[in-house]
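Secondary and tertiary structure notes
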Amino acid sequence: MTSAHGIDVEPLRDIVLDTTLDQDGFDVFEAFEIGSGNRGERVDPYPEFHRRRREQPVYFVAPGERGLYEADDGRQVVRVYRYEDVLRVAQDSDVFSSANHAEGIGRVFGHSILEMDGEEHTLHRRLIQHAFKRRDMARWKASLIPEAVDGTLDAFADRGHANLVAELTLLYPVKVIEAMMGLPAEHVEWYHRRAIEVISIGHELERALRASVVLKDYFEQVIEIRRRHPGDGDLITLLIEADANGRRLSNEEIIPFLMLLAPAGAETTYRATGTLLYALLANPDQLEAVRRDRSLIPKAIEESLRWDPPLTALSRRNLEDVEFQGQKVPAGSSVSACLASANRDPAVFEPADTVDEFDLFRPRRSNLTFAGGAHVCLGQILARTEMETALNRVLDRLPGLRLDPEQREQTFMTGQIWRSPSRLPVLWDA
Ligand code: HEM
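Let us look at the structure shown here. Bear in mind that the values here come from a model prediction, so they are computed numbers and not experimental data. (Residues numbered from 1 in each chain as written. Predicted model: local features only at pLDDT ≥ 70, side-chain atom pairs only at ≥ 80, totals over all residues.)

A few words now on the pairing of strand β2 (residues 77-80). Here β2 shows a buried face lined by V77 and R79 and a second buried face lined by V78 and V80. Bridge analysis of strand β1 (residues 58-61) against β2 gives four bridges, and the strand direction is antiparallel. Following the sheet pairing, V58 is matched in β2 by V80. With four bridges connecting them, β2 and strand β8 (residues 334-338) associate as parallel partners. Each residue of the ladder has a partner; that of R79, found in β8, is S336. (Buried ≥ 20, exposed ≤ 12 C-beta atoms within 10 Å, placed from the backbone. Helix = DSSP H or I, 4+ residues; strand = E, 2+ residues; numbered from the N terminus. Pairing = 2+ DSSP bridges.)

Written as structure tokens, this is what we have:
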């Protein structure tokens, strides 16, 4: 039997999912939220970002002050907050190496594109881009993404009320990734839990390492099956067949990429879609403008990505001594570039006195949500397409959508490192 997208998933149904980690009733989603500093209360890091950007734009972090993803390995941790400095860290990959990820997230992903530098990165990026070609994107946009969104909305669209985070934004992006990879639908929930567990490395190390072993073993089996039974246009078959001047990817090279893709695709897009919906629902005049003129949707998406990016910072290791704003940072430091602060830098975004507000009519400047340079997010077109589809289908299918006034006080943005609303209770005219 094929999946809805014409990919034969039958051979993959023989894989026996390892459910050892599911047996203790542990709530991986709640644990991830708590572990990342989201305890259900409103968190607003922006006043501190503004203060730092103005007064201490190059901040030398004291050992006791390190954040969740700032390794306590004796290296100097330096945070930069100004747009120009954040952009430089993202763009100058000769000086700001990504190899530092090997000691962090690389422990669970393996040696992925995220931690590669120079020629190795260029070669892998070229091979992987083969699987993200415009032709495939157009096909995904036409069927796979709308089906994932609609399939999720079907469960509650006639109810008149819902929590759009738990019931829509958390669920649909992982269905998109699963369908892109050509995995059987019944593997999605299992896969989603493992994807979150592997990135829980900062607060649930042992669980993250165990999930990493289980997920790698799963992908090993999927790749072996796909080598014998190629799919048709699914990401895993495309990666197996990717060819750069006769160079192909081995299983050991494909697996870390697949490990990275699950959280990269699902965790970020889920948050970005929640933030987009929250920003519009909290600004009903702008929601109304979008409802009347759907051509405003791309502007709303860009502004929500600027206003509150899902991931607030990027980290690198500087390979030589550098200077930011006249301050010397010794080679080998751990440099944390605050994307969220850069996105509200009044030196770049206008009007300067309204950078904290969501305003889709703001003059367009490039935000740094997807970073920049060699490692600029590979999935940015996909992410924008997913957000656009989700918003269009929500507007089509949930007329008169509005925040539930009785739960308005408990509906807000939260999170220090990963940001989004943790709940979106809404009403509509069913
Ligand atoms: C709104 C959603 C998303 C955001 C905010 C986001 C953000 C980012 C950022 C900041 C980076 C750079 C990380 C670094 O260099 O340390 C990155 C890289 C990456 N992203 Fe995304 N991402 C999103 C969605 C996606 C999606 C949907 C996919 C694919 C399915 C994806 C795949 C990747 C990959 C493969 C990389 C590594 C690229 C490289 O190292 O060359 N992302 N993303």
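Now that the structure is up, let's keep going.
An order of β4-β12-β9 is seen for the three strands of this open sheet, with the pairing classed as antiparallel. Because the sheet does not close on itself, it has two edges, and the strands there are β4 (161-163) and β9 (402-403). Note: β9 against strand β12 (residues 425-427), two bridges, orientation antiparallel. Of the residues in β12, the one forming a bridge with R402 is L427.

Residues lying three or four places apart along an α-helix face the same way, a consequence of the helix completing one turn every 3.6 residues. Taken as a whole, helix α3 (residues 83-91) has its buried residues at Y83, D85, V86, L87, V89 and A90. At its buried positions, α3 is contacted by β2, β3 (96-97), β5 (313-318), β6 (322-324), β8 and α15 (339-342). (Contact = placed C-beta atoms within 7 Å.)

What surrounds the ligand is a group of 24 residues, the closest being G265, T268, H375, C377 and G379. For the shell around the ligand, the secondary structure elements donating two or more residues are α12 (251-281) and α16 (380-397). It is α12 that contributes the most residues to the shell around the ligand, seven residues altogether. (Near = placed C-beta within 6 Å.)

All right, on to the sheet that holds β8 then. As summarised here, the arrangement of the five strands in space is β1-β2-β8-β5-β3, forming an open sheet in which the pairing is mixed. Looking at which strands have only one partner, the edges of the open sheet turn out to be β1 and β3. As defined by bridge partners, β3 adjoins β5 across two bridges and the pair is classed as antiparallel. Looking at β5, one finds that S97 is bridged to R317.

Here helix α8 (residues 172-181) crosses helix α9 (residues 188-198) at 110°, and the two axes come no closer than 10 Å. One element, α8, and the other, α9, form an angle in the roughly perpendicular class. Where α8 approaches α9, its residues V174, K175 and E178 are matched on the opposing element by V188, Y191 and H192. Broken down by class, the residue content of the contact of α8 with α9 amounts to three nonpolar, one polar and two charged. (Axes fitted to C-alpha atoms, helices over the stretch in contact; angles between N-to-C directions. Parallel < 35°, antiparallel > 145°, perpendicular 65-115°, else oblique. Nonpolar A, V, L, I, M, F, W, Y, C, P; charged D, E, K, R; others polar.)

Of all ten residues making up α8, ten are buried, and the element is well covered by its neighbours. Taken together, the buried positions of α8 are Y172, P173, V174, K175, V176, I177, E178, A179, M180 and M181. Buried residues along α8 sit in contact with α6 (134-154), α7 (164-169), α9, α11 (235-241), α12 and α16. One or two residues past the end of α8 sits G182, with phi positive at roughly 70°.

Attention now goes to unusual backbone geometry. With an omega of -10°, the peptide bond between E350 and P351 qualifies as cis. When you line up the elements, P351 lands in the loop between α15 and α16. A positive phi angle, close to 50°, is found at Q325, a residue other than glycine. If you trace the backbone, Q325 turns up in the loop between β6 and β7 (327-329). You can call Q325 exposed: it has 12 C-beta atoms within 10 Å.

Quick look at the packing of helix α14 (residues 297-307) against α16 now. Across the interface, α14 lies against α16 with an axial gap of 10 Å and an inter-helix angle of 120°. Regarding the angle of α14 to α16, the classification is oblique. You can see that α14 and α16 cross each other, and the crossing is right-handed. Where α14 approaches α16, its residues I297, P298 and I301 are matched on the opposing element by R384, M387, E388, L391 and N392. Across the contact of α14 with α16, the residue classes break down as five nonpolar, one polar and two charged. (Left-handed = near helix turned anticlockwise from the far one by under 90°.)

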